[in-house]
Amino acid sequence: MRPIIHFLTLSIVAAATMVAQEVITVKGSDTMVLLAQRWAEVYMSKHQDVTIQVTGGGSGTGISALINGTTDICNSSRPMKTSEKQKLKQRFNSLGVEIKAAKDGLSVYVNEANPVKELTIEQVRKIYLGEITNWKQVGGDEARIILYSRENNSGTYVYFKDNILEGKDYAPNTQSLPGTAAVVNAVSKDKNGIGYGGAAYGRGIRELALKADESSMAYPPTAENVRSGAYPMTRFLYMYVRTRPTGSAKAYIDWILSDEGQSVVQSIGYFPLR
Amino acid sequence: MRSSDLYTRKFHVSEFLAEKLIAATAFLSFAVIILIFVFVFREALPIFSSSEPATHDEAVQEEVETYGEEALGEASQLRAAEEKERRAGSIEHVEGNASLRNLLSTDWQPVSGEPKFGLLPLIVGSLKVSLIAILLAAPLAILAALYTSTFAPKRVKEILKPAIEILAGFPSVVIGFFALIVLATFVQDLFGTMYRLNAFVGGVALSLAVIPIVYTIAEDAIAAVPKSMTEASLALGATSWQTALFVTLPAATPGIFAAVLLGVGRAFGETMIVLMATGNAALMTFNVTDPVRTMSATIGAEMAEVVFGDTHYNVLFLIGSILFIFTFTLNAVAEFYIRRRLLRKFRGG
């Protein structure tokens, strides 16, 4: 009898410790999924009592999960929309809490054979609105500009539209491709193409230096320029929670915002907050 | 009539059960299709019931709580302030109204200050790409079917037939990727088109997916032509080409029509290939070298990130319903009209 009781007690204790394992679920942006996984790995290796489950699916999917209560933390490469905040308020009587977790620099790429080296934000806007249609108008060759964009489900698309196009619609002949890799590939094969997206080091393309306006200097999207804010096309990557974080979630988020968490950001190719 | 009462009853019970089980399975798959149908339509329905744009709660306009802002560096704080200002000034995302006028416009800009859900360019896009695909695929597939079932030596047929049918199991992502990387460049070099990705490239890639379907069904139809007909033709002195073109092919016409219609259905519903190869610009043109955006690619690209329950979400389901109705009608026509009417005609009924 004794050994059985011992065994039972032991297993109850074991079960209790397993239950005590705190699980934090993180879901959302595909742009951030690598970064979130690395954060989780590093954090879990130091805090054995916490399990962090990271899944992607896209910013919208993550926010839906936050609204439906199926995730604790949501990653998003764009700010929450009003309609989403409204839905969250209906369910949880909270507008959500926004955490800026990292910075990302977006690049404008052209084919490497293209003589254009720099553009102003104004020119990029006019190109994507279809007001500038020939490379000659911005100092290039006599050729039609072929526009490449991300699909409208992407946070990058929304950022570009809100911040560069001032909320106006892309020109109708803008071709949208699934993923930054597809845009880079298309531009590398199309000598009159232009595309935008996250930092990319593909062959056959060149990242343009950008000027905030006509009179300012042109800055290439280097780590230094993105961090200092001199490069005019940077955005934040966000994390959202339903209510002000407490307990293990707070500890995790505080760690992400700490110097240690921010040093992980750089190893993935994004930029720390400071 | 019955030798053993017990034996027969037992036999009847098991047979009864087996029969009902099979019938239940058949009805289950039927019910699943109906349920999918109902689900897709139900999600599209809100478009027609509420036409007034949603108004937002005043409370929502209040500041969103932030956390950890103090951890931001100086440069980041500056950017955050700038972004906040820009966000306040920018047009907020509104739930568009999907009035009939909006749905019949020629602009597809669903993520916008004023969302435009014009379905016409998407419908034109789908039709354009499907037409190119079927115009390329049908003659090739039908002639291939005719060759393998009437002319090809047995050994050639044994290699050729499975080889074409294997194409049907080819993942469409692979075909799409091939089109995106290789075919698009090839077509642009050949014709000097302005756009690298366009309706033509998409149609050619799509025809690779359509050929095996048309081929398989057309081959079955040709093989089903009674031997007596072809033998009679040959006995009357017709050459084998004359027999194939003027006897076998006409006799198999109903089946071939069905094959082509099913091919169109496949082309219409195919998503991955067109998503990768057509450029996805919602242009309302009939030029085959312009990029196009098809209905299926639109759903494939946008569904993952749409705000659930939003008008945009409902419109995507409306597109799904249109696709569903279209392919359903095609299949029904292929099944009922052509098989019955034309079969009767050719059998001399």
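Residues numbered from 1 in each chain as written. Chains lettered and ligands numbered in written order. Predicted model: local features only at pLDDT ≥ 70, side-chain atom pairs only at ≥ 80, totals over all residues. Heavy atoms only, no water.

(A) Summary view of the interface of chain B and chain A. The interface of chain B with chain A comprises 57 residues on the first partner and 66 residues on the second. Contact between chain B and chain A buries roughly 5400 Å² in total, counting both sides, with carbon and sulfur atoms accounting for 51%. Between A:D169 and B:K116 there is a salt bridge whose closest N-O contact spans 2.5 Å. On the surface where chain B and chain A come into contact, there are 13 residue pairs in polar contact (both at pLDDT 80 or more). With seven residues, helix α3 (residues 74–89) of chain B is the single largest residue contributor to the side of chain B that touches chain A. Its residues placed into classes, the side of chain B that touches chain A shows 25 nonpolar, 15 polar and 17 charged. Bridge count for strand β4 (residues 97–111) of chain A against strand β1 (residues 65–67) of chain B is three bridges, and the pairing is parallel. Within β1(B), the residue paired with A:V97 across the bridge is B:E65. (Contact = heavy atoms within 4.5 Å. Buried area = accessible area lost by both parts, 1.4 Å probe. Salt bridge = Lys/Arg side-chain N within 4 Å of Asp/Glu carboxyl O. Polar contact = N/O pair within 3.5 Å; in protein donor to acceptor, adjacent residues only side chain to side chain. Helix = DSSP H or I, 4+ residues; strand = E, 2+ residues; numbered from the N terminus. Nonpolar A, V, L, I, M, F, W, Y, C, P; charged D, E, K, R; others polar. Pairing = 2+ DSSP bridges.)

(B) Up close: unusual backbone geometry. One non-glycine residue, A:N93, lies in positive phi territory at about 50°. The class of A:N93 is exposed, set by a relative accessible area of 61%. (Buried < 20%, exposed > 50% of the residue type's maximum accessible area, 1.4 Å probe, protein only.)

(C) Seen up close, the domain arrangement of chain A. Residue and element names in this part refer to chain A. We note that the domain assignment places domain 1 (21–103 + 237–268) and domain 2 (105–234) within chain A. Distance from the C-alpha centre of domain 1 to the C-alpha centre of domain 2: 29 Å. In this complex, domain 1 contributes four residues to the contact, which on the side of domain 2 involves six residues. Summing both partners gives a buried area of about 460 Å² for domain 1 against domain 2, and 49% of it is carried by carbon and sulfur. Along the contact surface separating domain 1 from domain 2 lie zero salt bridges. Summed over the shared surface of domain 1 and domain 2, the number is one residue pair in polar contact (both at pLDDT 80 or more). Grouping the constituent residues of the side of domain 1 that touches domain 2 by class yields no nonpolar, two polar and two charged. (Domains from an automatic or database assignment.)

(D) Here's a closer look at the pattern of salt bridges. Residues and elements named next belong to chain A. On inspection of all chains with the given rule, the structure shows 22 salt bridges over all chains. The salt bridge partner of E98 is K100, with a shortest N-O separation of 3.5 Å. The exposure classification of E98 matches that of K100, with both residues buried. A salt bridge links D254 to K250; its shortest N-O distance comes to 2.9 Å. Separated by four residues within a single helix, D254 and K250 lie in helix α9 (residues 247–257), roughly one turn from each other.

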